[in-house]
Amino acid sequence: MKTKQQRYEALVHAFHADIYRYAVWLVKDKSVAEDIVQETFLRAWKSLDALQDEHAAKSWLITILKRENARRFERKQLPMVEVDEEFLFDEIEPTQVSMQQRDIQRLLAGLSIEYREPLVLQLIFGMSGDEIAQQLDLNKNTVMTRLFRARNQIREALVTQSNLRGAKNG
Amino acid sequence: MDELEFRRRVYADPQTTDEAVIAAAKADASKQAFWNDVKSLDKKLEKATHIAVPTDLAHRLIWQQSTKLYTRKKQKTRGLFAVAASIALVVGVSFTLWSQWLNADLQSQLLTHVAHVEEEISHAQKPADLTHINARLASFGGYLEQGIDEIEVANYCYLGAAKTLHLILKTAQGSLSVFVLPEHENRVLPDQFSNAQFKGSLLNLSNRNVVLVGGQNADLSWLEDKIEQRLKFSA
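As named in an unreviewed UniProt entry, chain B is DUF3379 domain-containing protein, taken from Alteromonas aquimaris.

The name that an unreviewed UniProt entry assigns to chain A is RNA polymerase sigma factor, with the source organism given as Alteromonas aquimaris. What the UniProt record of chain A gives under Sequence similarities (unreviewed entry) is the line "Belongs to the sigma-70 factor family. ECF subfamily."

Written out as structure tokens, the structure is:
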């Protein structure tokens, strides 16, 4: 039988990357995201015995992370403000990320939270509409509408941008 | 499926396997083109979400957990150790006090005890007749051949660890006490002793110790004689 420690380590290895990415897209700040991820896994360790179904681990961790994120605002008594979008990608080496890639990241970060969150769940965790609906406690139609609007906004913005650039260059 | 509905479904889930969407795309090249476009956008989006994860994050998560666990265990052990130490201390101190009390100076215990003799009389069963006294003396291996009229109370009293028989006599000189000490009482007692209020004397009857205590001015000699004559111990 696996010890609790082994289960925990397996959980960390399996999910830390996606959980971290999700946190970054949620809070749009890498160091804050890292703090939240650490809190999340500490809490996960404490209640690891409650996790019976390993298949539920992903959504369980996401739930813990969202709670930890909310707690952060309670602690600091900050209003829920969206952080400036320029925040995140300055550190990424430009050679790694194409100009368009960077535009897409900006646009994704620029989406309001209710559009960004379901989209990120779908993109990072490959969740279905039903799964997202369950995770966010929304009905599926709402989720599908938000996903549609999120992609629509990004695509239209990209089209506008490339038209603008094209116009400038031309 | 109309254009809007098609777009809605494709945007909501570019990887959809919805038959109606597939059929619509097959039937209409422009819809298929739109879908391909969205799919390629989605690849870029997926790539965009793929932020570099700090390389040591997993190790740090495991590390922070094990250090927390370790400190908590250590605190727990420390706590337990502290509790154990406190218990040991309390037990040690109480035992010391207890054994000190048990082995405290017999002389002072006697003198302190008789200071409360009036209270003892008021609680005791009175009067103590000869049968009653002898019944109690029996556990000390002794008996009174003849009663002593003045004996009012016969009580077992503990002086430290020693169970004694305390006889209280009501006399014109006030209350007098006779203590029959147990056979194995090792504490040394002088033949004569006193404090500001009381005085006592030790009698040795067939290797058994009997102590008489009375007020500072009381005459104990007549009582000594009576006890020596009447109190007998079987070997």
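S.K.: Could you give me a rundown of the overall build of chain B, with the residues and numbers involved?
M.R.: Along its length, chain B carries eight helices and eight strands. In terms of overall dimensions, chain B is more spread out than a globule: its C-alpha atoms have a radius of gyration of 48 Å, far above the 18 Å expected for 235 residues. The C-alpha extent of chain B, read off along each of the three principal axes, is 135 × 35 × 35 Å. Expressed as a percentage of contacts within chain B between residues at least 6 apart in sequence, the contacts between residues at least 24 apart total 50%. Total accessible area computed for chain B in this model is approximately 13,400 Å², and 55% of it derives from carbon and sulfur atoms. Taken together, the 26 basic and 27 acidic charged side chains of chain B have centroids lying 14 Å from each other.

S.K.: Go over the environment of Leu57(B) with me, naming the residues and quoting the values.
M.R.: Inspection of the secondary structure puts Leu57(B) in helix H4 (residues 57–102). Each C-alpha atom, one on Leu57(B) and one on Trp35(B), is 37 Å from the other, the two residues being 22 residues apart in sequence. Not counting residues up to four positions away in its chain, the partners in contact with Leu57(B) are His16(A), Tyr20(A), Glu34(A) and Val37(A).

S.K.: How would you summarise the interface of chain B and chain A if you had to cite specific residues and measurements?
M.R.: At the junction of the two partners, chain B supplies 32 residues and chain A supplies 37 residues. Summed over both partners, the interface of chain B with chain A buries about 3,400 Å², with 65% contributed by carbon and sulfur atoms. Summed over the three residues of chain B that lose the most area to chain A, namely Tyr11(B), Thr49(B) and Ile51(B), the buried surface amounts to 20% of that side. Inspection of the chain B/chain A interface yields three salt bridges. In this structure, Asp42(B) engages Arg151(A) in a salt bridge whose closest nitrogen and oxygen atoms are separated by 2.6 Å. Taken together, the links from chain B to chain A amount to 17 residue pairs in polar contact (both at pLDDT 80 or more). Elements with a contribution of two residues or more to the side of chain B that touches chain A: helix H1 (3–12), helix H3 (29–49) and H4 of chain B. Counting residues per element, the side of chain B that touches chain A draws most heavily on H3(B), at 11 residues. Of the residues belonging to the side of chain B that touches chain A, the class tally is 17 nonpolar, four polar and 11 charged.

S.K.: Account for the layout of surface pockets, naming residues and giving values.
M.R.: Taken as a whole, the second largest pocket encloses approximately 290 Å³ of empty space. If you go around the second largest pocket, you meet 14 residues; those closest to its centre are Lys140(A), Met144(A), Arg9(B), Ala12(B) and Asp13(B). Sorting elements by how many residues they give to the lining of the second largest pocket places helix H7 (residues 140–169) of chain A first, with five residues. Counted by class, the lining of the second largest pocket contains three nonpolar, five polar and six charged residues.

S.K.: For the domain arrangement of chain A, give the residues involved together with the corresponding values.
M.R.: Residue and element names in this part refer to chain A. Domain annotation for chain A reports domain 1 (1–81) and domain 2 (87–170). Between domain 1 and domain 2, the residue contacts involve 15 residues of the former and 18 residues of the latter. Roughly 1,500 Å² is buried in total at the junction of domain 1 and domain 2, and carbon and sulfur atoms are behind 67% of that figure. A per-residue breakdown of the area domain 1 buries against domain 2 is headed by Trp25, Lys28 and Lys30, which together make up 46% of the total. At the junction of domain 1 and domain 2, the tally comes to one salt bridge. The salt bridge involving Lys66 is made with Glu117; its shortest N-O contact spans 2.5 Å. Between the two partners, domain 1 and domain 2, sit eight residue pairs in polar contact (both at pLDDT 80 or more). The dominant element in the side of domain 1 that touches domain 2, judged by the number of residues it contributes, is helix H1 (residues 4–27), at seven residues.

Here is what the cut-offs are and how they apply
Within every chain, residues take consecutive numbers counted from 1 along the sequence as written. Here the convention is simple: chains get letters from A, ligands get numbers from 1, in the order in which they are written. Only residues with pLDDT of 70 or above have their local features reported here, since the model is predicted, and side-chain atom pairs are shown and tallied only from 80 upward, although totals for entire chains, interfaces and linings are computed over all residues. Here the side-chain values reflect all heavy atoms present in the structure, with hydrogen atoms and water set aside. UniProt positions are given in the numbering used here, feature names are shortened, and annotations may be inferred rather than shown by experiment. Helical segments are the DSSP runs of H or I of at least four residues, strand segments are the runs of E of at least two, and each set is numbered from the N terminus. The globule rule used here is 2.2 Å times the number of residues to the 0.38 power, and the radius of gyration it is set against is calculated over C-alpha atoms. When checking whether two residues touch, look at their non-hydrogen atoms; a contact exists if any pair is within 4.5 Å. Each accessible area is a Shrake-Rupley estimate made with a 1.4 Å probe; only the visible protein chains count as cover when residues are assessed. For the charge count, each Lys or Arg is scored as positive and each Asp or Glu as negative, with His and the chain ends excluded. By convention, charge coordinates are those of NZ in Lys, CZ in Arg, CG in Asp, or CD in Glu. The term buried area denotes the loss of accessible surface (1.4 Å probe radius) that occurs when two parts are joined, taken as the sum for both partners. Just to be clear on terms, a salt bridge is a Lys or Arg side-chain nitrogen sitting within 4 Å of an Asp or Glu carboxyl oxygen. Under the rule applied, a polar contact is a pair of N or O atoms within 3.5 Å (in protein, one hydrogen donor and one hydrogen acceptor; residues adjacent in sequence only if both atoms are side-chain atoms). Classes in brief: Ala, Val, Leu, Ile, Met, Phe, Trp, Tyr, Cys and Pro nonpolar; Asp, Glu, Lys and Arg charged; the others, Gly included, polar. Here a cavity is any set of points on a 1 Å grid over the protein atoms alone where a 1.4 Å probe fits but cannot get out, and a pocket is any open set with protein on both sides within 12 Å along at least 5 of 7 lines; a residue lines the site when it has an atom within 4 Å of a point. Grid points are joined across faces, edges and corners, and a volume is the space filled by probe spheres set on the points. Where each domain starts and ends follows an automatic or database-derived domain assignment.

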